[in-house]
Structure formats: C-alpha cells, structure tokens
Amino acid sequence: MRVVRLTRAELPVDTAELARFLVGKVVVRDLPDDRISGRIVETEAYLPRDAACHAYRGETPRNRSLFLEFGHAYVYVSYGIHRMLNVAGGARGIGAGILIRAVEPLQGIELMQARRGLERVTDLARGPGKLAQAMEITLGLDGLDLTREGPLWLGRIDRPTGSIGVSVRIGITKETDLPLRFFERGSPYVSGPKRLSV
DNA sequence: CGGCTGATGATCT
DNA sequence: GATCATCAGCCGG
C-alpha cells in the first residue's frame, strides 16, 4: 500500500477545516521494524475561545503543543489511563487542535490486535483511547511535526473518502452544542452513539 | 444497542 | 481537592 506523506502546504490552516480535511487521510506509526497505519474516520475540532479546548485557559506545560504551528502532534493523558492523539491547528501561537477519535486499521493489524488483546478489527481503534493503545501513541510523540519523516506522520492514499457527517462532540461537559465532530458516514470504524453518526 | 459505574493518575487551582 | 476530549464490564431491552 502506497502512503504519501502530507505536506504542510496542503493542510488547511483553519482548525475546523483541517478536522474535516483529515477524515479519509492516514495516520502512520513507524516503529523500528514495523509500520502501523490507519485511515482516519472520525475527528473533533477544538477551537480558540472554545471552553472545551485544552488551550482555552492559556499555555501550560501540558498543552504547549497546541500552540505550535498546525500539523504538529499534541499527545496527552486522559483519565490517568488513556493517551489522546491530536493534531495542532492554526498558526503558531494559536491554541487549537483536532482530536483523532477513530481510524480504520490499514497496516500492522496483527500488531494492533496483539496490543489491544482483541481480534475484531472494528474494535481496534474505534475511540481515541483505543486508537492510541493500538498504534502505540506515547507521550514521547508529543510535539512532533506530522508532516516530516519520523515515527509518526500523516499521509494520504489513493482511495476516495465517503460522505462526511457532522455532529456535536463526544464526552465533553462544556460547549456541548457545537457542530465540530466530523466522521465518514457509514463507516463501521466510527465511535460514539449511533444516533450521532447518521 | 443504550445506559450506568468504577478505575485511575496527570494536571492545574 | 476537583476535574477529566475514556474504557471495559455489566445489566436490561
């Protein structure tokens, strides 16, 4: 399978636009001897002046990557257990990002199954915590430029993206009414309640 | 499938 | 000390 790395020039600067753009693109995790990759089927945008965004209260040690130029990785720990993979949005200095919520496994499926302790491919990376576990997303990847060669980067493949649906975001307690979740309609790899993925 | 609950620890106040 | 961009397990329909 041929995966071509995305360049920063082809990424939308606007965070919501980038969130939509990333559906259908590919996350590639290059390990010393193996490649794990998955096609993004679900994202959520977190904007500046959005109380649900980790950057809302300003820059801190944890969220500094959100203020990097769009296309950098922001990885953090949620609920003390799960790691979340995000892509920074907006120009340098703008705190915004996109949570990658689910991918359709493409390469390294056996490795994902081993890491997750599951067989069902639709359960390997359906949800941000599952995705991070399956793809070995670690805190050490925080701050990486995802448009450069390295252990984690973004690419595209020659395959059409289906119709993209929009809904409110999942699992948050603030700004719960904003239509900032994007997903590929009909994909069995999308997470969340079914009513939000129509 | 939807709804609920406990686990669990980094982060910030 | 409170909060939390989640998940697995369990239950009822």
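What you see is a predicted model; the values in this text were computed from it and never measured.

### Thoughts on the layout of surface pockets
Reasoning step 1: Roughly 650 Å³ of volume is contained in the largest pocket.
Reasoning step 2: Lining of the largest pocket is provided by 26 residues; of these, Y46, H54, Y76, G171 and I172 occupy positions nearest its centre.
Reasoning step 3: For the lining of the largest pocket, the secondary structure elements donating two or more residues are β4 (73-78), β5 (82-88), β6 (97-107) and α3 (128-134).
Reasoning step 4: Here the lining of the largest pocket gets 4 residues from one element, more than from any other, and that element is β4.

### Remarks on the protein's contact with DNA strand B
Reasoning step 1: Around DNA strand B lies a shell formed by T60, P61, R62, Y79, G80, I81 and K194.
Reasoning step 2: A share of 60% of the atoms of DNA strand B within 4 Å of the protein falls on sugar and phosphate groups.
Reasoning step 3: Within the contact set of DNA strand B, a base nitrogen lies 3.1 Å away from a backbone nitrogen or oxygen of G80.
Reasoning step 4: The residue makeup of the surface near DNA strand B, split by class, is 3 nonpolar, 2 polar and 2 charged.

### Brief notes about the environment of D33
Reasoning step 1: Take D33: it is sitting in the loop between β2 (26-30) and β3 (35-46).
Reasoning step 2: In this structure, the C-alpha to C-alpha distance between D33 and K194, residues 161 residues apart in sequence, is 37 Å.

### Considerations on the packing of aromatic side chains
Working definition: an aromatic ring pair is given by the centre-to-centre distance plus the angle between the planes.
Reasoning step 1: In total, this model carries 1 aromatic pair according to the counting rule given.
Reasoning step 2: Summarising the aromatic geometry, the rings of Y74 and Y76 are spaced 5.3 Å apart at their centres and angled 20 degrees between planes, so their arrangement reads as stacked.
Reasoning step 3: Judged by its relative accessible area of 1%, Y74 falls in the buried class.
Reasoning step 4: Judged by relative accessible area, Y76 falls into the buried class, the value being 11%.
Reasoning step 5: Sitting above the plane of the W153 ring, R5 keeps its charged end 5.3 Å from the centroid.
Reasoning step 6: Note that K25 overlies the ring of F21, its terminal NZ or CZ placed 3.9 Å from the centroid.

### Some words on the side chain of R116
Reasoning step 1: With respect to the helices, strands and loops of the structure, R116 is situated in helix α2 (residues 109-116).
Reasoning step 2: D123 provides the closest opposite charge to the buried, salt-bridge-free R116, at an N-O distance of 6.4 Å.
Reasoning step 3: Within the structure, R116 has its side chain in polar contact with the backbone oxygen of L124 (distance 3.0 Å).
Reasoning step 4: With residues near it in sequence (within four places) discarded, R116 still touches D123, L124, K130, Q133 and A134.

Parameters at a glance
- For every chain, the first residue of the written sequence is number 1, and numbering continues from 1 onward in sequence order.
- The order in which chains are written sets their letters, starting at A; the order in which ligands are written sets their numbers, starting at 1.
- Given that this is a predicted model, residues contribute local features only at a pLDDT of at least 70 and side-chain atom pairs are listed and counted only at 80 or more, while totals for whole chains, interfaces and linings are drawn from all residues.
- For the side-chain quantities, the full set of heavy atoms in the structure was used; hydrogens and water were omitted.
- Points on a 1 Å grid over protein atoms alone make up a cavity when a 1.4 Å probe fits among them but cannot get out, and a pocket when they form an open set with protein on both sides within 12 Å along at least five of seven lines; lining residues each have an atom within 4 Å of a point.
- Grid points are joined across faces, edges and corners, and a volume is the space filled by probe spheres set on the points.
- We count a stretch as a helix when DSSP gives it H or I for four or more residues in a row; a strand needs E for two or more, and each element gets its number in order from the N terminus.
- When we say a residue is near a molecule or strand, we mean one of its heavy atoms is within 4 Å of it.
- Under the rule applied, a polar contact is a pair of N or O atoms within 3.5 Å (in protein, one hydrogen donor and one hydrogen acceptor; residues adjacent in sequence only if both atoms are side-chain atoms).
- Charged residues are taken to be Asp, Glu, Lys and Arg, nonpolar residues to be Ala, Val, Leu, Ile, Met, Phe, Trp, Tyr, Cys and Pro, and polar residues to be all remaining types, Gly included.
- The rule is short: rings of Phe, Tyr and Trp, with Trp giving its six-membered ring, pair when the centres are within 6.5 Å, and they are stacked under 30 degrees, edge-to-face over 60, tilted in between.
- Accessible area is worked out with a 1.4 Å probe on protein chains only. A residue is then buried under 20% of its type maximum, exposed over 50%, and partly exposed in between.
- Here, a charge over a ring means that NZ of Lys or CZ of Arg falls within 6 Å of the ring centre while also lying within 35 degrees of the ring normal.
- Charged residues are defined narrowly, with Lys and Arg counted positive, Asp and Glu counted negative, and His plus the chain ends left uncounted.
- Any carboxyl oxygen of Asp or Glu that lies within 4 Å of a side-chain nitrogen of Lys or Arg is treated as forming a salt bridge with it.
- In this analysis, two residues are considered to be in contact whenever any of their non-hydrogen atoms come within 4.5 Å of each other.

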